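Here is how the chains run, residue by residue.
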Amino acid sequence: MSRSCNLIVDSCCDLPLELLQSHEGVTIMNFCYILDSTVYPDDFFQTRGVKEFYDLLRNGAMPTTSQVAPKVLEDTFREACASGVPTVYLSMSSGVSSNYSSACMIRDKVKADYPLSELYVVDSLLASTSEGVLVLGAIDKMEAGATAKELVNWAEEARFRAHIEFMVDDLDTLHRGGRLPRSVALAGGALNIKPLLQLNDKGTLGMDTAARGRKKGLKALLNYFEEHRDETKHTVLVGNADSIKDAEALREGILAIDPAAEVIIHTVGTTIGSHTGPGMVSIGFWGDDRHKPVKKGLFGRRK
């Protein structure tokens, strides 16, 4: 079936670049990070390698992050409208970034010049590994011939069934980024506590539970997957911030639970990694409906 629409995604979906590039009709926009007053693109580690970036963080570097540049948003949207092909942009969660609101404003500006164009911006309410799950599903829908409006309607429902649970290695990174009180970070470090976090149905961060030590944390991630997974859907993403051995251990655990699983291991990009720090591991999958009351987000908004 021929394609009826195109898809725009951002680098915070953290999917392997070659996977995204293998699909026609998919355009990628990059977030950025700033280090030593220099702006770098979150470009799937093409500019700076994985180990180099995370070693900088291990050695005390504290990059800040920035949404997709307004000019990139406008140029990309204008190109989409000028093409005449209806287009959908799946944006990183508005609960952790102002990118979605900026994209909506720029979309309105561009559409004023292209009043007959179909250009939609969807708040995924997701990020990183779970955003990747939604993007892969959207690509499947697009390639199956869904119209832009059908894709929007699907995404606005499906986003509540895309799950992420992740573990960070060092609470100090979250503290330095303003996401966690210093007292909690110090206590957690002393006790070797590994917090397990997730995105709630408002797209904000919250802590689900905590484990004593990394091994128990990995087991908790697998328990979450087993409890919440949709047994009819077998695509599972495993993210890692330069922690590939743990990602491979998770893959083995996932396959023990679901031998039919298609496990994709991906590297957590510089935007997400700047806030979680090295050693983060995550699991993303299709599961039960998260659109229900959940724990309050702990860390508020960020760019």
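In this text, all values refer to a predicted model and were calculated from it rather than measured experimentally. (Residues numbered from 1 in each chain as written. Predicted model: local features only at pLDDT ≥ 70, side-chain atom pairs only at ≥ 80, totals over all residues. Heavy atoms only, no water.)

1. Some words on the pairing of strand β1 (residues 6-10)
Link 1 in the chain: For β1, a buried count of five out of five residues is recorded, marking the element as mostly surrounded by other parts of the structure.
Link 2 in the chain: With four bridges connecting them, β1 and strand β6 (residues 87-91) associate as parallel partners. Note that in β6 the partner of I8 across the bridge is Y89.
Link 3 in the chain: By the bridge criterion, four bridges tie β1 to strand β2 (residues 26-29) in an arrangement that is parallel. By the bridge assignment for β2, I8 is matched with T27. (Buried < 20%, exposed > 50% of the residue type's maximum accessible area, 1.4 Å probe, protein only. Helix = DSSP H or I, 4+ residues; strand = E, 2+ residues; numbered from the N terminus. Pairing = 2+ DSSP bridges.)

2. Brief notes about the pattern of salt bridges
Link 1 in the chain: A complete count under the given rule lists 14 salt bridges for this structure.
Link 2 in the chain: Here D55 and R58 are joined by a salt bridge, their closest N and O atoms 2.9 Å apart. Here D55 pairs with R58, and both are found in helix α2 (residues 50-58), just three residues apart, close to one helical turn.
Link 3 in the chain: The shortest N-O distance in the salt bridge between D75 and K71 comes to 2.6 Å. Of this pair, D75 and K71 both sit in helix α3 (residues 70-83), four residues apart, which is roughly one turn of that helix.
Link 4 in the chain: Connected through salt bridges with shared partners, the residues K51, D55, R58 and D242 form a single ionic network. (Salt bridge = Lys/Arg side-chain N within 4 Å of Asp/Glu carboxyl O.)

3. What to know about helix α6 (residues 148-158)
Link 1 in the chain: Within α6, burial applies to A148, L151, V152, W154, A155 and A158. With its buried residues spanning 165 degrees around the axis, α6 presents them on a single face.
Link 2 in the chain: Where α6 is buried, its residues contact β1, β6, β7 (119-123), α5 (128-143), β8 (162-167) and β13 (281-286). (Arc of directions from axis to C-beta. Contact = heavy atoms within 4.5 Å.)

4. Describing the side chain of T271
Link 1 in the chain: Secondary-structure assignment places T271 in helix α11 (residues 270-276).
Link 2 in the chain: A distance of 2.7 Å separates polar atoms of two side chains, one belonging to T271 and the other to D42. (Polar contact = N/O pair within 3.5 Å; in protein donor to acceptor, adjacent residues only side chain to side chain.)

5. Examining the sheet that holds β1
Link 1 in the chain: Here four strands make up an open sheet; going across it, the order is β2-β1-β6-β7 and the pairing parallel. Bordering the open sheet on either side are β2 and β7, each of which pairs with just one other strand. Taken over all neighbouring pairs, the strand axes of this sheet differ in orientation by 20 degrees on average, direction set aside.
Link 2 in the chain: Both β6 and β7 contribute to a ladder of five bridges, which runs parallel. Bridge pairing in β7 links V88 to Y120.
Link 3 in the chain: Together, β1, β2, β6 and β7 form the strand contacts of α3, whose direction differs from that of β2 by roughly 165 degrees.
Link 4 in the chain: Contacts from α5 reach β1, β2 and β6 within the one sheet, and its direction differs from that of β1 by about 170 degrees. (Axes fitted to C-alpha atoms, helices over the stretch in contact; angles between N-to-C directions.)

6. Structural notes on the side chain of Q198
Link 1 in the chain: Mapped onto the fold, Q198 is located in strand β9 (residues 193-199).
Link 2 in the chain: Note on Q198: relative accessible area 19%, which makes it buried.
Link 3 in the chain: Within polar-contact distance, the side chain of Q198 engages the side chain of E165 at 2.5 Å.
Link 4 in the chain: Not counting chain neighbours up to four residues away, the residues in contact with Q198 comprise I164, E165, F166, T204, L205, G206, D208 and Y224.

7. A word on the nonpolar core
Link 1 in the chain: L73, F77 and Y89 are the most contacted members of the largest nonpolar core, which has 37 residues in total.
Link 2 in the chain: Listed by contribution, the elements that provide at least two residues to this core are β3 (32-35), α2, α3, α4 (99-113), β7, β8 and β9.
Link 3 in the chain: The contact partners of F77, leaving out residues within four places of it in the chain, are I8, M29, Y89, A103, I106, R107, V110, L119 and V121.
Link 4 in the chain: Counting 30 residues, the second-largest nonpolar core is a separate cluster that includes L126, L134, A138 and L237. (Core = buried A, V, L, I, M, F, W, Y, C linked by side-chain atoms within 4.5 Å.)

8. Notes on the environment of V26
Link 1 in the chain: Structurally, the position occupied by V26 is in strand β2.
Link 2 in the chain: Along the backbone, V26 and V9 are 17 residues apart, and their C-alpha atoms lie at a distance of 7.2 Å.

9. What about the packing of aromatic side chains?
Link 1 in the chain: The tally for this structure, following the rule as stated, stands at nine aromatic pairs.
Link 2 in the chain: Ring geometry for F45 versus Y54: centroids 6.2 Å apart, planes at 45 degrees, classification tilted.
Link 3 in the chain: Taking the centre distance of 5.8 Å and the plane angle of 65 degrees together, the rings of Y224 and F285 count as edge-to-face. With Y224 in helix α9 (residues 214-228) and F285 in strand β13, this residue pair connects regions lying 61 residues apart in the sequence.
Link 4 in the chain: The class of Y224 is buried, set by a relative accessible area of 8%.
Link 5 in the chain: Directly above the ring of Y40 sits R48, whose terminal nitrogen or CZ lies 4.6 Å from the centroid. (Phe/Tyr/Trp six-rings, centres within 6.5 Å; stacked < 30°, edge-to-face > 60°. Lys NZ or Arg CZ within 6 Å of the ring centre and 35° of its normal.)

10. Some thoughts on helix α10 (residues 244-257)
Link 1 in the chain: Taking 1.5 Å of rise per residue, 14 residues should cover 20 Å, and α10 covers 20 Å from first to last C-alpha, within 8% of that figure.
Link 2 in the chain: At its buried positions, α10 is contacted by α9, β11 (235-240), β12 (262-267) and β13. (Expected span 1.5 Å × (residues − 1).)

11. Remarks on the confidence of the model for the protein chain
Link 1 in the chain: Model confidence for the protein chain is summarised by a mean pLDDT of 91, while 89% of its residues fall at 70 or above.
Link 2 in the chain: A low-confidence stretch, residues 293-303 (pLDDT under 50), is modelled with 39 contacts involving residues beyond four sequence positions or located in other chains. (pLDDT = per-residue confidence, 0-100.)

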